[in-house]
Amino acid sequence: MVKIATWNVNSVRARLPNVLGWLKETAPDVVLLQEIKCQVETFPRLEIEDLGYNCAVVGQKSYNGVAILSRSPLEDITERLPGGEGDDHARYVEAVTAFGDLVVRVASIYLPNGNPVGTEKYEYKLRWLDRLHDHAERLLALEEAVVLGGDYNVIPSDDDVYDPEAWIGDALFKPESRAAFRRVVNLGYTEAFRTLHPNEPHRYTFWDYTAGCWQKDFGLRIDHLLLSPQATDRLKACDIDKKERGREKASDHVPIWCELAG
DNA sequence: ATGACATATGAGATATGA
């Protein structure tokens, strides 16, 4: 079984003890990290390599930043989502990695938040989703096992938020954001968590630091794993590591993972 | 709309997040 996880760590350096502890405890084969919030030179490569991982890092000072960790070599690395003239944000990294007869192309995605609506930030989010759609369509044509994982900053449905009314008008919940997300899924991808857990509303991957959201279980499900048909054929499990949110110095997001036969 | 909390930068207050 090959375990592939995604986690928005909200600074990999501030979160290093949590990340290393979680890697040792849950032993994922591939990890997609978002919001590492550092440049390539300051990524804690040695500490992570010591645990047996290869790293592909796309860094940026202070903001954004994504990485892929894998127990197998990473090949054919792509460091930007195609189609972004002048888009210099570190929000996308893609690579191919293999475990036995499973060759899987993975991408670590940090989609723009998009707030406030009505500004260029929201337009940027919608454009980014369009670019992701076009790239995801090209990837399908390769007929490979593909896992597009990350912080999509999209709440897919009313079941994925503690109070839908309170989020009307937010960039994460706007009909346009949700439709653009569905448009990617509807190309032929499988959203792993909801597919394997169709009757489990209110299972979240993010709880705000403020206003006691964690204590009240006021969360959002915004971190997702999208699988191509060839990956879906092998999908055996998918779940959320909720307990990470209760630790000291936790990220506001928790890991979500899937297991593929192979 | 603002602030609550957390993080980075850089050395005080501001930008960003969702």
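Before any of the text, the structure's been laid out above.
Residues numbered from 1 in each chain as written. Chains lettered and ligands numbered in written order. Predicted model: local features only at pLDDT ≥ 70, side-chain atom pairs only at ≥ 80, totals over all residues. Heavy atoms only, no water.

Draft legend 1. Spotlight on the nonpolar core. Formed by 33 residues in total, the largest nonpolar core has its most connected members in Ile4, Ile68, Val106, Val147, Leu225, Leu227 and Leu260. At 4 residues, strand β7 (residues 102-110) tops the list of elements feeding residues into this core. What Leu225 contacts, discounting residues up to four positions off in sequence, is Ile4, Thr6, Val147, Leu148, Gly149, Thr190, Glu191, Ala192, Cys238, Ile256, Trp257 and Cys258. Grouped together as the second largest cluster of nonpolar side chains are 22 residues, Leu132, Leu139, Val146 and Tyr152 included. (Core = buried A, V, L, I, M, F, W, Y, C linked by side-chain atoms within 4.5 Å. Buried < 20%, exposed > 50% of the residue type's maximum accessible area, 1.4 Å probe, protein only. Helix = DSSP H or I, 4+ residues; strand = E, 2+ residues; numbered from the N terminus. Contact = heavy atoms within 4.5 Å.)

Draft legend 2. The protein's contact with DNA strand B, seen in detail. The environment of DNA strand B is made up of 24 residues, and the closest members are Ser11, Arg15, Ser62, Asn113 and Leu172. Within 4 Å of the protein, the atoms of DNA strand B are drawn from sugar and phosphate moieties in a proportion of 80%. At 2.3 Å, a side-chain N or O of Ser11 approaches a phosphate oxygen of DNA strand B. Within the side chain of Asn153, an N or O atom sits 3.1 Å from a phosphate oxygen of DNA strand B. Looking at the surface near DNA strand B, its residues break down into 8 nonpolar, 8 polar and 8 charged. (Near = heavy atom within 4 Å. Polar contact = N/O pair within 3.5 Å; in protein donor to acceptor, adjacent residues only side chain to side chain. Nonpolar A, V, L, I, M, F, W, Y, C, P; charged D, E, K, R; others polar.)

Draft legend 3. A look at empty space enclosed by the protein. The tally for this structure, following the rule as stated, stands at 1 cavity of 30 Å³ or more. Put simply, the largest cavity is a space of about 30 Å³. Per-class residue counts for the lining of the largest cavity are 3 nonpolar, 1 polar and 4 charged. (1 Å grid on protein atoms, 1.4 Å probe; cavity = no way out; pocket = protein on both sides within 12 Å on 5 of 7 lines; lining within 4 Å. Points joined across faces, edges and corners; volume = space filled by probe spheres on them.)

Draft legend 4. Quick look at the sheet that holds strand β4 (residues 66-70). Across the sheet, 6 strands lie side by side as β3-β4-β2-β1-β14-β13; this open sheet has mixed pairing. Sheet topology places β3 (54-58) and β13 (235-240) at the edges, where each strand pairs with a single neighbour. Taken pair by pair, the neighbouring strands of this sheet meet at an average axis angle of 10°, ignoring direction. When β13 meets strand β14 (residues 256-260), the two strands line up antiparallel, connected through 5 bridges. (Pairing = 2+ DSSP bridges. Axes fitted to C-alpha atoms, helices over the stretch in contact; angles between N-to-C directions.)

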